[in-house]
Amino acid sequence: MRTVLVLNGPNLGRLGSREPEVYGTQTLADLERDCAATAAELGLAIDFRQTDDEAQLLAWVHEAADRRLPIVLNPAAFTHYSYALHDALAMRTAPLVEVHLSNPATREVFRHTSVVASVADGTVAGFGVLSYQLALRAIAALAEQTGG
Ligand code: DQA
C-alpha cells in the first residue's frame, strides 16, 4: 500500500485549544484519525507527524525525497517565510499538496504569501479538516496519473 507522509508544522500540536474560532475544536489526534480513515478509503496508508522544529521538518522532507513518498503538508507559519523549506521541497520526488485549515488569503497580510505554493502540485485551504481529506484525494489521483 502506498504511504503518504502527512506533515504538520508549528503550533498545530495545539489544535483543539488553539484559537478554536479559526482552527476548530478538533485536536491533532482527531485530525490524524480522520486522515487515516480517508486514506483507508483511498487505498493509502498515512504516516502522520507534527513538529514545531524547522530542522526536523526539513529532515522529514529530505526523507520523503529519498523514499519517493508523496506529502500532504501543512507548513503552518513556515508557509509564509521559510525559504529553507521551499528549497527542501524543490527536491521532492513525488506529489506534494499544501494544505491549510483556515484560508490564509482572508487573514492578515503576512499570511497572503506562501513560499511553498510554487513548489507544490496544488493547495487546499479554508475547509478545516476537509482540506486534508481533499488533499489526500488529490495525492491519490496524482499518484495514479504518475503510475506511483
Ligand atoms: C495554517 C495557516 C497559517 O497561516 C498559520 O500560521 C498556521 C495554520 C492553517 O492551517 O490554517 O499555523 O497553516
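Everything here concerns the structure above.
Quick caveat, the model's predicted, so the values are computed rather than measured.

## Notes on unusual backbone geometry
Thought 1: Its identity is not glycine, yet Asn11 carries a phi of approximately 75 degrees, on the positive side.
Thought 2: In this fold, Asn11 is placed in the loop between β1 (2-8) and α1 (20-23).

## Topic: the site of the ligand
Thought 1: Around the ligand sit Arg18, Tyr23, Asn74, Ala76, Ala77, His80, His100, Leu101, Ser102 and Arg111, and that is every residue in its neighbourhood.
Thought 2: A distance of 2.8 Å separates an oxygen atom of the ligand from a polar atom in the backbone of Leu101.
Thought 3: Within the contact set of the ligand, an oxygen atom lies 2.9 Å away from a side-chain nitrogen or oxygen of Arg111.
Thought 4: Protein burial of the ligand: of its 320 Å² of free accessible surface, 99% is covered by the chains.
Thought 5: Comparing atom positions with the cavity grids shows the ligand to sit within the largest pocket.
Thought 6: Tallied by class, residues from the shell around the ligand come to 4 nonpolar, 4 polar and 2 charged.

## Concerning the pairing of strand β3 (residues 71-74)
Thought 1: Of the two faces of β3, the one lined by Ile71 and Leu73 and the one lined by Val72 and Asn74 are each fully buried.
Thought 2: Where β1 and β3 come together, 4 bridges link them in parallel fashion. Directly across from Val6, in β3, lies its bridge partner Val72.
Thought 3: With 3 bridges joining them, β3 and strand β4 (residues 96-100) adopt parallel strand pairing. When the bridges of β4 are listed, Leu73 appears paired with Glu98.
Thought 4: Regarding topology, helix α4 (residues 83-90) serves as the crossover connection from β3 to the parallel β4, and that connection is right-handed.

What counts and what doesn't
- Residues numbered from 1 in each chain as written.
- Predicted model: local features only at pLDDT ≥ 70, side-chain atom pairs only at ≥ 80, totals over all residues.
- Heavy atoms only, no water.
- Helix = DSSP H or I, 4+ residues; strand = E, 2+ residues; numbered from the N terminus.
- Near = heavy atom within 4 Å.
- Polar contact = N/O pair within 3.5 Å; in protein donor to acceptor, adjacent residues only side chain to side chain.
- Areas by Shrake-Rupley, 256 points an atom, 1.4 Å probe, with all protein chains shown as cover.
- 1 Å grid on protein atoms, 1.4 Å probe; cavity = no way out; pocket = protein on both sides within 12 Å on 5 of 7 lines; lining within 4 Å.
- Sits in = over half its atoms within 2 Å of the grid points.
- Nonpolar A, V, L, I, M, F, W, Y, C, P; charged D, E, K, R; others polar.
- Buried < 20%, exposed > 50% of the residue type's maximum accessible area, 1.4 Å probe, protein only.
- Pairing = 2+ DSSP bridges.
- Right-handed = clockwise from strand over helix to strand, strands pointing away.

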